[in-house]
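# Residue-level structural notes
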Amino acid sequence: MGNEAIRQVAEKIKASNSVVVLTGAGISQESGVPTFRGKDGLWKDFRAEDLATPEAFHRDPVLVWEWYNWRRGLIKPLKPNPGHYALVELEKRIPDFTLVTQNVDGLHRAAGSKDPIEMHGTIWRVRCLECKRSFENREVPIKILPECEACGGLLRPDVVWFGESLDTKILHAIYTYLQRAEVMLVVGTSAIVQPAASFGIVAKRTAGAFVAELNRSRTHQSPVFDLSIQGKAGELLPQLVDYVRP
Ligand code: BV8
Ligand code: ZN
């Protein structure tokens, strides 16, 4: 049963100073956000890899904006779940805590996480192709095609698409945290998308971190980690906080 393994992770966390948590779509699943590779991950038979690319946006910006409007409309009414809130509690109890998320739904911020590293950007921010300014925008739906209020240029979602490299400052910061991690939690990710999928291994190899995977099912990386705990993030993470509590 997960809670013996969860207790073991809690002991490791209590004995450590620096903890890194990486989350993926699985932590938002219990809030109602469809995961990417689950059965509910499709939209009009398109896969994320087909639409979340610069080529797709260049070829058909209306279609890509329709997809983002569908996602914005779906995500807007959704709330963080106990998994997000448990990470806010964990953050308060650990001197050196870093949360890195692949998610663009903004639910970690909504739950109160102080400074989540949104490595793939956020669906609630847009960026101008011309003047490069980025703006927070929570309109649902956003007018298609949206124009920059400063220069009239075409706006795109301020997220990292497939084939786009991540912001080097963000990537550098993440590697700094991984290299001093004593414990790392890899929560709700299928460990397919790079470079995020390499972070657990980097923490293990360079910092000798104790790495625990929390996921509904095992992944191809499960054998690499110190622990792979099957269960729902919204249940396992509150249990973890209870063991770490004081
Ligand atoms: C880069 C923002 C390099 C957009 C996202 C071949 C061709 C082209 C590219 C590549 C290639 N091979 C590799 C690449 C690189 C590519 C890549 O990794 N492709 C994959 C598909 C193989 N990566 C990139 O392109 C990255 N950039 O590498 O640049 C480069 C270098 C220099 C110069 C130029 C380029 C950029 C990748 C970023 C893509 N953007 N999102 C948007 O969302 O609109 S990624 C997208 O997938 C989301 O962010 C999502 O978070 C992410 C990863 O998915 P997961 O989070 O893992 O979600 P998934 O559904 O897969 O899994 C959910 C998991 O949760 C499951 O395991 C499930 O069991 C579990 N779960 C479900 N419910 C629960 C649960 N667990 C616990 N509790 C529950 N309740
Ligand atoms: Zn502009």
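Criteria and cut-off values
- Residues numbered from 1 in each chain as written.
- Chains lettered and ligands numbered in written order.
- Predicted model: local features only at pLDDT ≥ 70, side-chain atom pairs only at ≥ 80, totals over all residues.
- Heavy atoms only, no water.
- Domains from an automatic or database assignment.
- Contact = heavy atoms within 4.5 Å.
- Buried area = accessible area lost by both parts, 1.4 Å probe.
- Helix = DSSP H or I, 4+ residues; strand = E, 2+ residues; numbered from the N terminus.
- Buried < 20%, exposed > 50% of the residue type's maximum accessible area, 1.4 Å probe, protein only.
- Near = heavy atom within 4 Å.
- Polar contact = N/O pair within 3.5 Å; in protein donor to acceptor, adjacent residues only side chain to side chain.
- Areas by Shrake-Rupley, 256 points an atom, 1.4 Å probe, with all protein chains shown as cover.
- Nonpolar A, V, L, I, M, F, W, Y, C, P; charged D, E, K, R; others polar.
- Salt bridge = Lys/Arg side-chain N within 4 Å of Asp/Glu carboxyl O.
- Donors = N, O, S within 2.8 Å, 3.2 Å for Na, K, Ca; no water.
- Tetrahedral: all angles 85-135°; square planar, octahedral: opposite > 155°, others 65-115°.

## Some points on the domain arrangement of the protein
Partitioning the protein into domains gives domain 1 (2-33 + 78-120 + 165-244) and domain 2 (35-77 + 122-159). Domain 1 and domain 2 are separated by 26 Å when their C-alpha centres are compared. The partner domain 2 presents 13 residues to the 14 residues of domain 1 that form the contact. Regarding the contact of domain 1 and domain 2, the summed buried area is about 1,100 Å², with carbon and sulfur atoms giving 60% of it.

## Focus: the environment of K79
In this fold, K79 is placed in the loop between helix 5 (61-75) and helix 6 (82-93). Judged by relative accessible area, which is 56%, K79 ranks as exposed. Put simply, K79 and E30 are 49 residues apart on the chain and 9.5 Å apart in space, counted from C-alpha to C-alpha. Apart from the residues within four sequence positions on either side, K79 is in contact with S31 and L107.

## A short note on unusual backbone geometry
A negative phi angle is the norm for most residues apart from glycine, just as the trans form is the norm for most peptide bonds. Here the amide bond leading from V140 into P141 is cis, since omega sits at -5°, within 30 degrees of zero. With respect to the element layout, P141 can be found in the loop between strand 5 (134-136) and strand 6 (155-159). With a phi close to 70°, K132 is a non-glycine residue in the positive phi region. Within the secondary structure, K132 sits in the loop between strand 4 (121-128) and strand 5.

## Quick look at the site of ligand 1
In the region of ligand 1, 34 residues are neighbours, and R37, Y68, G163, S190 and N215 sit closest. Separating a nitrogen atom of ligand 1 from a backbone N or O atom of V160 is a distance of 2.7 Å. The backbone of E164 places a nitrogen or oxygen atom 2.7 Å from a nitrogen atom of ligand 1. When ligand 1 is considered free in solution it has 1,500 Å² of accessible area, and contact with the protein chains removes 74% of it. Elements with a contribution of two residues or more to the shell around ligand 1: helix 2 (26-29) and helix 5. Classifying every residue of the shell around ligand 1 by side-chain character gives eleven nonpolar, 16 polar and seven charged. Residue assignment places the shell around ligand 1 across two domains, with domain 1 (2-33 + 78-120 + 165-244) and domain 2 (35-77 + 122-159) each supplying three or more.

## Overview of the pattern of salt bridges
For the structure on display, the rule yields 15 salt bridges. Ionic pairing is found between R47 and D50, a salt bridge with its closest N-O pair at 3.7 Å. Of the residues examined, D50 reaches a relative accessible area of 31% and is grouped as partly exposed. A salt bridge links E89 to K92; the nearest nitrogen and oxygen atoms lie 2.9 Å apart. Pair noted here: E89 and K92 are both in helix 6, with a separation of three residues, about one helical turn. Overall, the relative accessible area of 25% leaves E89 in the partly exposed class. For K92, a relative accessible area of 59% gives the class exposed.

## Some words on the coordination of the zinc ion (ligand 2)
Taken together, the protein donors to the zinc ion (ligand 2) comprise C128 (SG), C131 (SG), C148 (SG) and C151 (SG), at separations of 2.3 Å. Coordination geometry of the zinc ion (ligand 2): the four donor atoms subtend angles of 100 to 119° at the metal centre, consistent with an arrangement described as tetrahedral. Every donor residue of the zinc ion (ligand 2) comes from the same chain, spaced as C-x2-C-x16-C-x2-C. Pair noted here: C131 is in the loop between strand 4 and strand 5 and C148 is in the loop between strand 5 and strand 6, with a separation of 17 residues, a long-range link.

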